[in-house]
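A structural walkthrough
Each chain, written out:
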Amino acid sequence: MSILDWSTVDRSAQPRRGPAGWSWRRLLAAGSAATLVAGGIVAGVITAVTVATAASAATPTPPAGFTLTWADNFDGASGSGMDTSVWKYDTGPGSSFGTGEIETMTNSTANVFHDGSGHMALKALHSGTDPNSGWTSGRIETQAATFGAPPGGVVMMEASIQQPNVTTANGAGYWPAFWMLGSTLRSGTPWPTSGEVDILEDINGRSSVFGTLHCGTNPGGPCNESSGLGSGERACAGCQTAYHTYAVQIDRSVSPEQIRWYLDGANYFTLSANRVDATTWSNAVDHPFFIIFDLAMGGGFPAAFGGGPNASTVSGGQLNVDYVAVYNKAPGGGGGGGTNIAQGKPTTASSTENASFPASNATDGNTGTRWSSAFSDPQWLQVDLGQTYNINHVTLTWEAAYGRSYQIQTSNDGSTWTTIFSTTTGDGGTDDIALSGTGRYIRMNGTVRATPYGYSLWEFAVNGTAGGGGGGTLLSQGHPTTASSQENASFPAPNATDGNTGTRWSSAFSDPQWLQVDLGATHSVSRVVLNWETAYGRAYQIQTSNDGSTWTTIFSTTTGDGGTDDLTISGSGRYVRMNGTTRATQYGYSLWEFQVFGS
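Presented here is an overview of the structure given in this document. Every value quoted in this text rests on a predicted model; they were computed, and no experiment measured them.

With that out of the way, let us pick up the overall build of the protein chain. The number of helices and strands found in the protein chain is three helices and 38 strands. Counted over contacts in the protein chain with a minimum sequence separation of 6, partners at least 24 positions apart contribute 74%.

Below, the discussion takes up the sheet that holds strand 5 (residues 92-93). If you walk across this open sheet you meet the four strands as 5-6-10-9, and the pairing is mixed. Pairing within the sheet leaves two strands with one partner each, and these edge strands are strand 5 and strand 9 (125-126). Looking at chain direction, strand 9 and strand 10 (residues 135-137) are connected through two bridges and run antiparallel. Within the sheet, the bridge partner assigned to H126 lies in strand 10 and is W135.

Considering all chains together, one arrives at two disulfides under this definition. What pairs with C215 in a disulfide is C223, and their sulfur atoms sit 1.9 Å apart. Linking C215 and C223, the disulfide has an S-S dihedral of approximately -105° and is accordingly described as left-handed. Across the disulfide, C236 is cross-linked to C239 (sulfur-sulfur distance 1.8 Å). Torsion about the S-S bond of the C236 and C239 cystine: about -70°, corresponding to left-handed handedness.

Within strand 12 (residues 154-162), nine of the nine residues are buried, which leaves it mostly tucked inside the rest of the structure. Side-chain alternation along strand 12 places V154, M156, E158, S160 and Q162 on one buried face and V155, M157, A159 and I161 on a second face that is also buried. Where strand 12 lies against strand 19 (residues 244-251), eight bridges are found, and the strand directions are antiparallel. Of the residues in strand 19, the one forming a bridge with S160 is T245. Of the strand pairs in this sheet, strand 12 and strand 23 (residues 318-329) are connected by nine bridges, and their pairing is antiparallel. Counted as the bridge partner of A159 is V324 from strand 23.

Here we take up unusual backbone geometry. Residue G308 is joined to P309 through a cis peptide bond whose omega torsion reads 5°. The step from D511 to P512 runs through a cis peptide bond, and the omega angle for that step is -10°. Mapped onto the secondary structure, P512 falls in the loop between strand 33 (505-506) and strand 34 (513-532). Despite not being glycine, F74 shows a phi value in the positive range, around 55°. Note that F74 resides in the loop between strand 3 (67-72) and strand 4 (87-89). With a relative accessible area of 1%, F74 lands in the buried category.

Right, let's talk about the sheet that holds strand 13 (residues 174-182) for a bit. Spatial strand order, 4-11-22-13-14-16-17: seven strands in an open sheet with antiparallel pairing. Only two strands of the sheet have a single neighbouring strand rather than two, namely strand 4 and strand 17 (229-230).

Under the counting rule described, the total for this entry stands at 14 salt bridges. Between R370 and E399 there is a salt bridge, with the nearest N and O atoms lying 3.7 Å from each other. Pair noted here: R370 is in the loop between strand 24 (347-349) and strand 25 (371-372) and E399 is in the loop between strand 26 (379-398) and strand 27 (403-411), with a separation of 29 residues, a long-range link. The partner of R583 in a salt bridge is D511, and the shortest N-O contact between them spans 3.3 Å. Highlighted residues: R583 in strand 37 (residues 564-583) and D511 in the loop between strand 33 and strand 34, separated in sequence by 72 residues.

Conventions adopted
Residues numbered from 1 in each chain as written. Predicted model: local features only at pLDDT ≥ 70, side-chain atom pairs only at ≥ 80, totals over all residues. Heavy atoms only, no water. Helix = DSSP H or I, 4+ residues; strand = E, 2+ residues; numbered from the N terminus. Contact = heavy atoms within 4.5 Å. Pairing = 2+ DSSP bridges. Disulfide = S-S within 2.5 Å. Buried < 20%, exposed > 50% of the residue type's maximum accessible area, 1.4 Å probe, protein only. Salt bridge = Lys/Arg side-chain N within 4 Å of Asp/Glu carboxyl O.

Here's what the structure looks like:
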């Protein structure tokens, strides 16, 4: 639940977002087990479930491509408590949540109530003279644990929230949060393995927002627990005095999968699945969640920023929620455009502000690092994709220093450029651009800055399909493709040769497995590209055959590491296959695309 390195804070206990000291048996007894079954988790498949809470006009129209799955507009009568068929109170001392909180959570309408104007409020109240005792507050979670993205789909959780109207002078110790925990926590998977996504946290009236994923094992592990993998502190101007929207999207339509955090519709942090191993990500993300709101007092997170509460901390601050909504985009509905073909590729720029902000930061897959240019016009950032691609999508995640006027340009030689997109009204945030062009090189060419500073990008992502550049002609696309098995009917073998990086083949969860394409005639093969999903092959061979029966191995590895394997090879045959002998995960072999080049 926190997102910075608390090297000076004792966090040996699990964060309060996890179950330390809390009886999940009690939660199950209260109805959570029934919710899991009713929610549609059958053999690991997530199904969208509509909870019988009507959405009112306060719920925004779904974003393009999404449909509304569930919402609550908090239209209860003034002073009334929560509908316990929809919400569950988490009551008890804050110490039971594991991070030193000092409040007692109650189900009293003094602490949790509707205001009669379409809002839900969590209110922290203090009695007595000791600022470190005598606090009560509220914490609620959804009965349903069914909110998630199926394979190939996208889910978005969003709420409109006014943070407690306190300041750093009178708000020490306040800890408001909007977050969610993996449904598997309710059925016995331990925290943080089961996953936790913190959508909004702030502390001590700092007018900030923090976004975090917790996963893996505690302490340490692949997710740096108990700190987790997070955005760090981001400014949230006016968030104490007005309503702002906080959202997260889990996108399983792209490879690698992503979690994206948004403030008022602007994407301020993105976390890709390749930051951790496939098993850790799948355990934490690839399942439904339940949603939580709470207002804590004290604990390790506020302590890391100066501590509290103290004698100046005011009683009566409250977290106000206008609505909460869950939207889903079905598989095939489109996501971020497919595989990011720019990630990790050679990246150069016209200039850098200093050595801390090199060009390569914009294509490293880490939205916590950035490229920043000199403070002048024009400036450019350029990526060598390594071969010619048909480009269909570009995403620019701007830092506060962004381009007012810029072009997206492509080139075959890195010298002569063709403009495929242009704007003179850039407004920063995240520019998610559908376009069409071809080239080995692609660049953002900035001509007018929006600020006195330079151009600065957290990430420059590019999506597209191989266009027959280095390595010969693409021979495999659209040709008959078969496999030893498929996970289910949603992941057939032809998905790996359809030219669409949003569809994939996935095998049964056993070794060995193979995927085979019939090129229709004998060809010389010079290159094979395997675009792996998170379930990839540790040991596999590329093999050719003239008859589909007798095979010759032309490439072999026992150290596959997933991602994209771009192999320069030499062989000939009518048939080409990937023959997997050792999986890297407990799942099968899964390929977004299997491309064979030659003549």
